[in-house]
Amino acid sequence: MNDEVSVLNDDAVHPAARSAGHHPALTGCPWHDVNEMLQAAGLRPTRQRMALGWLLFGKGARHLTAEMLYEEATLAKVPVSLATVYNTLNQLTDAGLLRQVSVDGTKTYFDTNVSAHHHFYLEHNHELVDIPDPNLMLTKMPEVPEGYEIARVDMVVRLRKKR
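What follows concerns the packing of helix α4 (residues 66-75) against helix α5 (residues 82-94). One way to put it is that α4 packs onto α5 with a least axis distance of 9 Å and a crossing angle of 120 degrees. As far as their axial angle goes, α5 and α4 are oblique. Our pair here, α4 against α5, has a crossing hand that is right-handed. Of the residues in α5, those touching α4 at Ala66, Glu67, Leu69 and Tyr70 are Leu82, Val85, Tyr86 and Leu89. Residues of the contact of α4 with α5, tallied by class, amount to seven nonpolar, no polar and one charged.

Following this line, the structure appears as structure tokens:
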């Protein structure tokens, strides 16, 4: 078994998927585990979802754009269109298996780590990196308009090299 594959663990499954009644039995085999994760989230394990899920989740926690995943799929000889990649990423996000992180109006990353955490964005190479401090927190939240609640707070700290 590949060491990179062992990161497919129970933490990778969103709590909503677990409470849906099917608790995935993950084994460390990426193909089996992606199948279990999809089914636990209520998604049918189609050939394209399985192949893209294997590329996404088989390499540990990571941040990818749709274009990056499409390029990986092309190199892996997975016959899939960019539109299918976008659709699959959005379906996996809606199912709670991915977390969408918008860096600016033009760049959206998909994070395989769905736990609550924040990010650094390295401007010089367009890379999103987890902030390793689990104790980082905002001290005061804004008033929320009537009828709304805060779903999630995403903090992206933009970094650039010193001049």
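In an α-helix, one turn spans 3.6 residues; hence positions three or four apart end up facing the same way. Turning to α4, its buried residues number three or more, namely Ala66, Leu69, Glu72 and Ala73. All buried residues of α4 project into a common sector of 125 degrees when viewed along the axis, lining one side. Facing away from the buried side of α4, by more than 90 degrees, are the exposed residues Glu71 and Leu75. Looking at the packing, one finds that the buried side of α4 touches α3 (47-57), β1 (63-64), α5 and β3 (107-111). In the segment just after α4, Lys77 is the residue with positive phi, at about 60 degrees.

Glancing now at α3. Judged by how many residues are buried, α3 sits mostly within the fold: eight of eleven residues are covered. Listing the buried residues of α3 in full gives Arg49, Met50, Ala51, Leu52, Gly53, Leu55, Leu56 and Phe57.

Taken together, three strands build an open sheet; the order of strands is β1-β3-β2 and the sheet is antiparallel. Either end of the sheet is taken by a strand with one partner, and the two such strands are β1 and β2 (99-104).

With respect to the element layout, His118 can be found in the loop between β3 and β4 (119-122). When its relative accessible area of 15% is taken as the criterion, His118 is described as buried. At 3.1 Å, the side chain of His118 forms a polar contact with the backbone nitrogen of Met155.

Further remarks concern the confidence of the model for the chain. Chain-level statistics for the chain give a pLDDT mean of 82 and a share of 82% at 70 or above. Segment residues 1-22 is flagged for pLDDT under 50; beyond a separation of four residues in sequence, or across chains, it makes 40 contacts in the model.

In this structure, Leu56, Leu89 and Leu92 are the most contacted members of the largest nonpolar core, which totals 24 residues. Sorting the residues of this core by element identifies α2 (30-40), α3, α4 and α5 as the ones contributing at least two each. Here the element with the most residues in this core is α3; it accounts for six residues. Residues in contact with Leu92, not counting those within four places in the same chain, are Leu38, Leu43, Leu56, Phe57, Leu97 and Leu98. In terms of nonpolar packing, the next biggest core, distinct from the first, is built from five residues, Val101, Tyr109, Tyr121 and Leu128 among them.

With that settled, the discussion passes to unusual backbone geometry. Even without being glycine, Lys77 reaches a positive phi, approximately 60 degrees. Take Lys77: it is sitting in the loop between α4 and α5. Unusually for a residue other than glycine, His126 sits at a positive phi of about 55 degrees. Looking at the element boundaries, His126 is found in the loop between β4 and β5 (127-130). Overall, His126 belongs to the partly exposed group, its relative accessible area being 47%.

Parameters and conventions
- Residues numbered from 1 in each chain as written.
- Predicted model: local features only at pLDDT ≥ 70, side-chain atom pairs only at ≥ 80, totals over all residues.
- Heavy atoms only, no water.
- Axes fitted to C-alpha atoms, helices over the stretch in contact; angles between N-to-C directions.
- Helix = DSSP H or I, 4+ residues; strand = E, 2+ residues; numbered from the N terminus.
- Parallel < 35°, antiparallel > 145°, perpendicular 65-115°, else oblique.
- Left-handed = near helix turned anticlockwise from the far one by under 90°.
- Contact = heavy atoms within 4.5 Å.
- Nonpolar A, V, L, I, M, F, W, Y, C, P; charged D, E, K, R; others polar.
- Buried < 20%, exposed > 50% of the residue type's maximum accessible area, 1.4 Å probe, protein only.
- Arc of directions from axis to C-beta.
- Pairing = 2+ DSSP bridges.
- Polar contact = N/O pair within 3.5 Å; in protein donor to acceptor, adjacent residues only side chain to side chain.
- pLDDT = per-residue confidence, 0-100.
- Core = buried A, V, L, I, M, F, W, Y, C linked by side-chain atoms within 4.5 Å.

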